[in-house]
Amino acid sequence: DVKVTQSSRYLVKRTGEKVFLECVQDMDHENMFWYRQDPGLGLRLIYFSYDVKMKEKGDIPEGYSVSREKKERFSLILESASTNQTSMYLCASSILAGTSTDTQYFGPGTRLTVL
Amino acid sequence: AQKITQTQPGMFVQEKEAVTLDCTYDTSDPSYGLFWYKQPSSGEMIFLIYQGSYDQQNATEGRYSLNFQKARKSANLVISASQLGDSAMYFCAMREDLSNDYKLSFGAGTTVTVRA
């Protein structure tokens, strides 16, 4: 079974803090993704990566950066957290097959609150 | 423009009955895939079922089936014989092969509550 883990289930931070969200997958997947989920908006893609040290902007990258130094680990960084970044953050991974059949497998999510 | 539309914010269904969750999509890609995910209150997104745009038959996985109507651009999920454990939020998603790299576009979700 694919296993995607996220470092924290719940996180509370203060405005202006630098925040790191970590994601690890154990299935040797090439692709990794970071989404945020807000009520009524579904999931929106922040960044994704299709290889080590590679990253691509998603639909809402502003205020975020990412790091992928190892294949199994994909980090989301909030350089200076703001209250509008309070959300549920979901990490996912998939193989690099390049077809529509690729299934993304998700971690349990991190619920971040910025005060 | 919204790529995935789920028009039902919430639904109630009686245990052991079937329920249909609506999903319509918008794409000009000839090749695409449609996915349904379940998200229980615990938060994890669980993959349920996949339908490819060139698949001739509707996908089925146990109690889940996908009613794929290509001309109408709809991909409704049918859950048969509902169980209390089916109470969750359900998301429809699409991946376009030519125009959208490896990204999935998600709908806003439908909350299903199964009543005993």
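Residues numbered from 1 in each chain as written. Chains lettered and ligands numbered in written order. Predicted model: local features only at pLDDT ≥ 70, side-chain atom pairs only at ≥ 80, totals over all residues. Heavy atoms only, no water.

A.B. asks: Help me understand the interface of chain A and chain B in this model?
C.D. replies: The parts lose accessible area when they come together, and the size of an interface is often stated as this lost area. Taken together, the contact pairs 26 residues of chain A with 22 residues of chain B. Between chain A and chain B lies a buried interface of about 1900 Å² when both sides are counted; carbon and sulfur atoms form 57% of it. Where chain A packs against chain B, one counts zero salt bridges. Linking chain A with chain B are three residue pairs in polar contact (both at pLDDT 80 or more), by the criterion used here. Secondary structure elements with two or more residues in the side of chain A that touches chain B: β4 (31–38), β5 (42–49) and β9 (87–94) of chain A. (Contact = heavy atoms within 4.5 Å. Buried area = accessible area lost by both parts, 1.4 Å probe. Salt bridge = Lys/Arg side-chain N within 4 Å of Asp/Glu carboxyl O. Polar contact = N/O pair within 3.5 Å; in protein donor to acceptor, adjacent residues only side chain to side chain. Helix = DSSP H or I, 4+ residues; strand = E, 2+ residues; numbered from the N terminus.)

A.B. asks: What is the right way to read the nonpolar core from this model?
C.D. replies: As a rule of thumb, soluble globular proteins bury nonpolar side chains together. Residues B:Leu21, B:Tyr25, B:Trp36, B:Ile49, B:Leu77 and B:Tyr90 are the most contacted members of the largest nonpolar core, which totals 25 residues. Only β2 (10–14), β3 (19–21), β5 (32–39), β6 (46–52), β8 (64–69), β9 (74–79), β10 (88–96) and β12 (110–115) of chain B provide two or more residues apiece to this core. The element contributing the most residues to this core is β10(B), with four residues. Core analysis: the second largest hydrophobic core is formed by 20 residues, A:Val4, A:Tyr47, A:Ile60 and A:Tyr89 among them. (Core = buried A, V, L, I, M, F, W, Y, C linked by side-chain atoms within 4.5 Å. Buried < 20%, exposed > 50% of the residue type's maximum accessible area, 1.4 Å probe, protein only.)

A.B. asks: In this structure, what is going on with the pairing of β8(B)? I would like to understand it.
C.D. replies: For a regular strand, side-chain orientation follows a simple rule: the groups alternate between the two sheet faces. All names here are of chain B. Along β8, the buried face is formed by Tyr-64, Leu-66 and Phe-68; none of Ser-65, Asn-67 and Gln-69, which line the opposite face, is buried. Here two bridges tie strand β7 (residues 60–61) to β8, and the two strands are oriented antiparallel to one another. Pairing of Glu-61 across the sheet is with Tyr-64, part of β8. Connecting β7 to the antiparallel partner β8 that follows it, the hairpin turn spans two residues, and Gly-62 within it adopts a positive phi of roughly 60 degrees. As paired strands, β8 and β9 are joined by six bridges and run antiparallel to one another. Each residue of the ladder has a partner; that of Asn-67, found in β9, is Asn-76. A loop of four residues connects β8 with β9, the two strands running antiparallel in sequence, and Lys-73 in this loop sits at a positive phi of about 50 degrees. (Pairing = 2+ DSSP bridges.)

A.B. asks: How do you make sense of the pattern of salt bridges when you look at a structure like this?
C.D. replies: Between side chains of opposite charge, a pair can form as their charged atoms come close. All told, the structure shown has nine salt bridges over all chains when counted by the stated rule. Across the pair A:Lys71 and A:Glu30 runs a salt bridge, and its minimum N-O distance is 3.8 Å. You can see A:Lys71 sitting in the loop between β7 (65–70) and β8 (73–78) and its partner A:Glu30 sitting in the loop between β3 (19–25) and β4, a full 41 residues away along the chain. Accessibility expressed as a relative area gives 26% for A:Lys71, which makes it partly exposed. We classify A:Glu30 as partly exposed; its relative accessible area is 24%. Among the ionic pairs, B:Arg63 bridges to B:Asp86, the shortest N-O distance being 2.8 Å. Residue B:Arg63 is found in the loop between β7 and β8, and its partner B:Asp86 is found in the loop between β9 and β10; the two are separated by 23 residues along the sequence. Taking relative accessible area as the criterion, B:Asp86 reaches 2% and is therefore assigned buried. Look at the salt bridges and you will find they share partners, linking A:Asp28, A:Glu30 and A:Lys71 into a network.

A.B. asks: It is not clear to me how the pairing of β9(B) should be interpreted in this structure. Could you clarify?
C.D. replies: Residue and element names in this part refer to chain B. Of all six residues making up β9, five are buried, and the element is well covered by its neighbours. Sheet topology note: the β3/β9 ladder contains three bridges and is antiparallel. Among the inter-strand pairings, Val-19 is bridged to a residue of β9, identified as Ile-79.

A.B. asks: Would you take a moment to explain the environment of A:Arg73 for this structure?
C.D. replies: Residue and element names in this part refer to chain A. Take Arg-73: it is sitting in strand β8. For Arg-73 and Ser-49, which are 24 residues apart along the polypeptide, the C-alpha to C-alpha distance reads 10 Å. Look past the residues within four positions of Arg-73 in its chain and what remains in contact with it is Glu-22, Cys-23, Val-24, Met-32, Ser-67 and Arg-68.

A.B. asks: What is the right way to look at the side chain of B:Thr110 in this model?
C.D. replies: All names here are of chain B. Looking at the secondary structure, you find Thr-110 in strand β12. For Thr-110, a relative accessible area of 0% translates into the label buried. There is a polar contact of 2.6 Å between the side chain of Thr-110 and the backbone oxygen of Gln-8. Those residues in contact with Thr-110, other than ones at most four positions away along the chain, are Gln-6, Gln-8, Pro-9, Met-11, Leu-21, Ala-88, Met-89 and Tyr-90.

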